Amino acid sequence: MTYKIAILGASGYTGAELVRLIAGHPHIEIAALSGNSKAGQSMAQVFPHLRHLDLPVLTTIDDVDFEGIDLAFCALPHKTSQEVISKLPKTLKIVDLSADFRLRDPEVYQKWYGNAHSAVELQKEAVYGLAEFYRDEIARARLVAGTGCNAATGQFALRPLIAAGVIDLDEIIMDLACAVSGAGRSLKENLLHAELSEGAHAYAVGGTHRHLGEFDQEFSAIAGRSVEVQFTPHLIPANRGILATNYVKGDAQTIHDVLVKAYTDEPFIVVLPFGEHPSIRHIRGSNFCHVGVVADRRDGRAIVIAALDNLTKGSSGQALQNANLMLGLPETEGLMMAPLFP
Ligand SMILES: NC(=O)C1=CN([C@@H]2O[C@H](COP(=O)(O)OP(=O)(O)OC[C@H]3O[C@@H](n4cnc5c(N)ncnc54)[C@H](OP(=O)(O)O)[C@@H]3O)[C@@H](O)[C@H]2O)C=CC1
Ligand SMILES: CC(=O)N[C@@H](CCC(=O)OP(=O)(O)O)C(=O)O
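Residues numbered from 1 in each chain as written. Chains lettered and ligands numbered in written order. Predicted model: local features only at pLDDT ≥ 70, side-chain atom pairs only at ≥ 80, totals over all residues. Heavy atoms only, no water.

(A) Highlighting the UniProt feature "domain: Semialdehyde dehydrogenase NAD-binding" (unreviewed entry) in the protein. With numbering matched to this structure, UniProt assigns "domain: Semialdehyde dehydrogenase NAD-binding" (unreviewed entry) to residues 4–141. Secondary structure across residues 4–141 divides into 33% helix and 17% strand, with the first and last C-alpha atoms of the span separated by 18 Å. (UniProt positions renumbered as here; feature names shortened; annotations may be inferred. Helix = DSSP H or I, 4+ residues; strand = E, 2+ residues; numbered from the N terminus.)

So, in structure tokens, the structure goes:
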């Protein structure tokens, strides 16, 4: 059985990553690809690294024929995504990579994104797309909202610890380093090589990053009380990868034991031996997330570090994992490739 899919936003970074992954998938075929400014071009023109593949030409979304398509990936900017998805056939399965359907409460959405949600009914229907924690709901869902790449990295480190009650919920600090492809492919002055290379800086400092909406929603639901982490993301001059370094109060060995137990059957989450810590150079191009625990020199404190590739486990790999679940395929299909190294 082969399922036909469309990728809306195929001329962007996550769209191209979906194409790369699906090209090696035994049961999924790419039937349509959309672009906006790049509509009318071939994928080989837009992404020469995909030249070897026989792919549909990029069209506008209006020109995509959804007849016979089983599932659409929406790799569009947020806000555009909710407008587009509202107009798609109501029977179509959708994995949305944008932020539009991650936050369940429309008021919370407005607080972090600045605009009223224009598809509240769809927002209610959507399932949060972190497969390791919402597997059964995703398998039954029509619309799945992929997590933010920063939000996914932090959650892989912290969710089991909050659930097990082994860390102080009021003393969680997360420093996160994000590679530049996290900002997408559109041209931005601050992402020019001359302004980005040889440097690193924090952004959204002081608790203003919109992924805090996701952390608050998810961590508070697990804890059954409000949990607000202190979070500072940093932009680093790397192409791919996110490293989330979490400072927590709790016994380091217990924390490690909890993570090992939580992820023992998870194919993509690898807990490193106690005392070892991960690096983005060891997960690049793969759907793996590495998690490590190191004891602090002060008793009762630990550092928990998670690393993943924002374009695979942080977005497109996660989206394909969700699509596999929604289509009744093995969750790991097309996703077990080894990381690229060096
Ligand atoms: N990059 C990352 O690491 C992650 C991204 N995400 C989310 O995934 C989504 C896609 O991100 P990314 O691939 O990085 O973004 P890009 O900016 O690289 O790509 C955006 C895509 O959307 C298309 N597009 C833009 N505006 C419109 C419009 N008005 N109508 C139709 N199509 C449009 C673009 O077409 P064209 O280029 O032809 O104009 C392009 O194909 C975003 O919502 C992002 O927040 C989520 C997790 C991680
Ligand atoms: C470097 C950079 O800008 N990173 C992005 C990563 C977020 C992301 O891509 O996720 P969503 O946009 O889907 O929420 C940021 O911090 O906003």
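(B) Structural view of the sheet that holds strand E8 (residues 173–179). Taken in spatial order, the seven strands of this open sheet run E9-E10-E8-E11-E14-E13-E12, and their pairing is mixed. In the strand order of this sheet, the two ends are held by strand E9 (201–202) and strand E12 (269–271), each with one partner. Sheet topology note: the strand E11 (residues 242–249)/strand E14 (residues 301–308) ladder contains eight bridges and is antiparallel. Bridging from a neighbouring strand, Ala244 pairs with Ala306 of E14. Across the sheet, helix H7 (residues 149–164) is in contact with E8, strand E10 (230–236), E11, E12, strand E13 (289–295) and E14; its angle to E14 comes to roughly 140°. (Pairing = 2+ DSSP bridges. Contact = heavy atoms within 4.5 Å. Axes fitted to C-alpha atoms, helices over the stretch in contact; angles between N-to-C directions.)

(C) Summary view of the packing of aromatic side chains. One pass over the full model with this rule turns up seven aromatic pairs. Arranged with centres 6.3 Å apart and planes meeting at 75°, the rings of Phe133 and Tyr263 form a pair that is edge-to-face. Highlighted residues: Phe133 in helix H6 (residues 131–140) and Tyr263 in helix H10 (residues 252–263), separated in sequence by 130 residues. By relative accessible area, Phe133 is classed as partly exposed at 27%. By relative accessible area, Tyr263 is classed as buried at 3%. Centre to centre, the rings of Phe215 and Phe219 are 5.3 Å apart; their planes meet at 20°, and the pair counts as stacked. (Phe/Tyr/Trp six-rings, centres within 6.5 Å; stacked < 30°, edge-to-face > 60°. Buried < 20%, exposed > 50% of the residue type's maximum accessible area, 1.4 Å probe, protein only.)

(D) Spatial organisation of the sheet that holds strand E5 (residues 93–96). The parallel open sheet is built from seven strands, whose spatial order is E3-E2-E1-E4-E5-E7-E6. The open sheet terminates on both sides in strands that have one partner only, identified here as strand E3 (58–59) and strand E6 (127–128). Taken together, the three bridges between E5 and strand E7 (residues 143–145) define a ladder with parallel strand orientation. Residue pairing for E7: Ile94 is matched across the bridge by Leu143. Where helix H11 (residues 312–327) meets the sheet, its contacts fall on strand E1 (3–8), strand E2 (28–34), strand E4 (71–74), E5 and E7, and the angle it forms with E5 comes to roughly 160°.

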